[in-house]
Amino acid sequence: MSEERSLNFLEQIIEEDIANGVNDGRVLTRFPPEPNGYLHIGHAKSICLNFGLAKKYGGQTNLRFDDTNPVTEDTEYVESIKADIQWLGFQWAQELYASDYFEQIYNFAVQLIKKGLAYVDDSTPEEIAASKGTPTQIGTPTPYRSRSIEENLDLFERMKNGEFKDGEKVLRAKIETEQFEEGSPERSNMHMRDPLMYRIKHAHHHRTGDKWCIYPMYDFAHGQSDSIEGITHSICTLEFIPHRALYNWFIAQLGIFPSRQYEFARLNLTYTVMSKRKLLQLVNEKHVSGWDDPRMPTISGLRRRGFTPASIREFCERIGVQKRENVIDVSLLEFLVRDELNKTANRVMAVLDPVKLVITDYPDDKVEEMTADNNPEDPASGTRTILFSKTLYIEREDFMEEPPKKFFRLGPGLVVRLKNAYIIKGESFDKDENGNITTIYATHYPESKSGGDTSGLNVKGTIHWVSAAHAKTAEVRLYDRLFNTPDPGNEEGDFKSYINPDSLTVIPNALIEPSLVDAKPGDKLQFLRKGYFTVDPDSTAEKMVFNRTVTLKDTWAKEAKK
RNA sequence: UGUCCUAUAGUAUAAUGGUAGUACAACUGAUUUUGGUUCAGUUUGUCUAGGUUCGAAUCCUGGUAGGACAACCA
């Protein structure tokens, strides 16, 4: 599989650790989502990394929900996150929750208070912010910083017992900025300025219910959870770099298992946004139908759009992992899903924008059975029978009244092959009062039938079709990029003003070949010459619904633009 | 006007002191009963200025540029 691929920086770190016997060569990672939203493709990168690295080095990965803020979290998200991870093809060693450790983390806090390394502060958020100083100027203690250990112990217990209201008191670490040398990273690190460890929130927690009214902050929960589980490599994104000093400080003061934190650059994708806040806005303001709208970069959205777990995993593999900010071209993801579907998706014929075609020299009531390959890339996929008759429908764009030289399709006097059937020659057409073509008339070459062509004709173009009498109708949803600018999150003004107005085109009455009636939600197909499609969960036997995953590469579209 | 992180084709990613390579994108051409696939080929790159070295994308120094950090979010 990964023969001679060079090591990324995380693999190098791990291999060095193993070589040096760190943790006896044990590798245990974790994927730590907060259950307050749906997973997106950026999370997929983290999932593939954490699970992939552990697997590669004979280790395991825990799924740990970082549920320390009951106000925003919910079991609904827990379920979707678990489903998405498994759909991607990964299985965690243990399903854990930071809230499982609330008792232990509370005891850690008591320990630090006893060491004189934490204190209860009654200041307001504004006062606390002011007390932290600035990166260039060290902070000034609040009046509560000098409380005795006994008083802190008492107050912290009473915080836990619910004697105070939300926001009335917090527990802060006590870190002397003066001990750090002038110009040292620690001295100018704002996260080291007596960071908050606990705050009061009289809120119902999705797992612990009303047992607690104080909750640890990220910095006093994440590293502690890592340590409790014996996580060896705690991999997170770049914005946590300044937290690392604190991460290590708490672990050192507590004298607990030394998990190590490493940071990588999060994934950005062109033509979409990735922040939870922005995605939530798109959902709440109904710019999309929900978290699983096929235009969303969420795992559930990509799934509904027709992307496969393998293509997403391969994508995460190919983009690599680094510490520099990056914006990956979404065309790579599209390339990879085409690459997979080309080998696995059966070909079928569907006409999205039908115009009637009559083969004038074909018998009125004759119906012929034609044989079609299901997938020329996969001989094992076999063949199927499709029905041909005098009256057909073809794609409106496949006929031109006055075709240019390079137009290899149908027009007056032009010959073209009907896929899996006959070569025909365009003869004439009818127009309505608005100038729209209503019916095209053509003649056929009987000896050019697919499979037994003795006509000796050589045509440049092949078009798809359905038989008018046999075709079924279906709804087809054509999805395109959600935004019309590569980096909507960083453009001037509201990112929502860059939403692509044509990101969804619904075709209520496309015509599909009858074999499609057996397709089930999630099935992947190639509509010949039109793209890869999947059956939407909305689909029913009465009204089938297909989502376009991605178009085929279309060199004609480029040529036509010239 | 502090500290930290980063800097290789359009976008990503290799080269770990010794020929700057790969993928996507773009462009040619061949093949093709999908203007798909496949195949062959082309264009485009080491942020900058010094230094070390026989030799620097790589090591050192200074600059420049981009990003992060001062939520009772994670």
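Conventions we followed
Residues numbered from 1 in each chain as written. Chains lettered and ligands numbered in written order. Predicted model: local features only at pLDDT ≥ 70, side-chain atom pairs only at ≥ 80, totals over all residues. Heavy atoms only, no water. Near = heavy atom within 4 Å. Polar contact = N/O pair within 3.5 Å; in protein donor to acceptor, adjacent residues only side chain to side chain. Helix = DSSP H or I, 4+ residues; strand = E, 2+ residues; numbered from the N terminus. Nonpolar A, V, L, I, M, F, W, Y, C, P; charged D, E, K, R; others polar. Domains from an automatic or database assignment. Contact = heavy atoms within 4.5 Å. Buried area = accessible area lost by both parts, 1.4 Å probe. Salt bridge = Lys/Arg side-chain N within 4 Å of Asp/Glu carboxyl O. UniProt positions renumbered as here; feature names shortened; annotations may be inferred.

(A) Quick look at the protein's contact with RNA strand B. As a structural note, the neighbourhood of RNA strand B is formed by 65 residues, with Gln12, Arg324, Arg347, Ser450 and Gln526 the closest of them. Within the side chain of Glu377, a nitrogen or oxygen atom sits 2.8 Å from a base nitrogen of RNA strand B. The set of elements that each furnish at least two residues to the surface near RNA strand B consists of strand 6 (196-200), helix 11 (309-319), helix 12 (330-344) and helix 13 (555-561). Element by element, the count of residues in the surface near RNA strand B is highest for helix 12, at 4 residues. Tallied by class, the residues present in the surface near RNA strand B amount to 23 nonpolar, 21 polar and 21 charged.

(B) Focus on the domain arrangement of chain A. Domain boundaries assigned for chain A yield domain 1 (14-264), domain 2 (276-346 + 474-561) and domain 3 (350-464). Computed from C-alpha atoms alone, the centre-to-centre distance between domain 2 and domain 3 is 29 Å. Listed as interface residues are 21 residues of domain 2 and, on the opposing side, 22 residues of domain 3. Of the roughly 1800 Å² buried between domain 2 and domain 3, counting both surfaces, carbon and sulfur atoms make up 55%. Broken down residue by residue, the surface that domain 2 buries against domain 3 is led by Leu511, Arg529 and Trp556, which jointly contribute 36%. At the boundary of domain 2 with domain 3, the tally comes to 4 salt bridges. For the pair domain 2 and domain 3, the number of links is 10 residue pairs in polar contact (both at pLDDT 80 or more). Of all the elements in the fold, those that place two or more residues in the side of domain 2 that touches domain 3 are helix 12, strand 21 (472-479), strand 22 (504-512) and helix 13. Per-element tally for the side of domain 2 that touches domain 3: the top contributor is strand 22, with 5 residues.

(C) Spotlight on the UniProt feature "domain: Glutamyl/glutaminyl-tRNA synthetase class Ib catalytic" (unreviewed entry) in chain A. As annotated in UniProt, the feature "domain: Glutamyl/glutaminyl-tRNA synthetase class Ib catalytic" (unreviewed entry) corresponds to residues 27-342 in the numbering used here. Taken as a whole, residues 27-342 contains 38% helix and 12% strand, while its terminal C-alpha atoms sit 37 Å from one another.

(D) Molecular detail of unusual backbone geometry. Notably, Asn23 is not glycine yet its phi reads approximately 55°, a positive angle. Of note, Asn23 is situated in the loop between helix 1 (9-19) and strand 1 (28-31). If you check the backbone angles, Asn420 has positive phi at about 65° while not being a glycine. Tracing the chain through its elements places Asn420 in the loop between strand 16 (415-418) and strand 17 (423-431).

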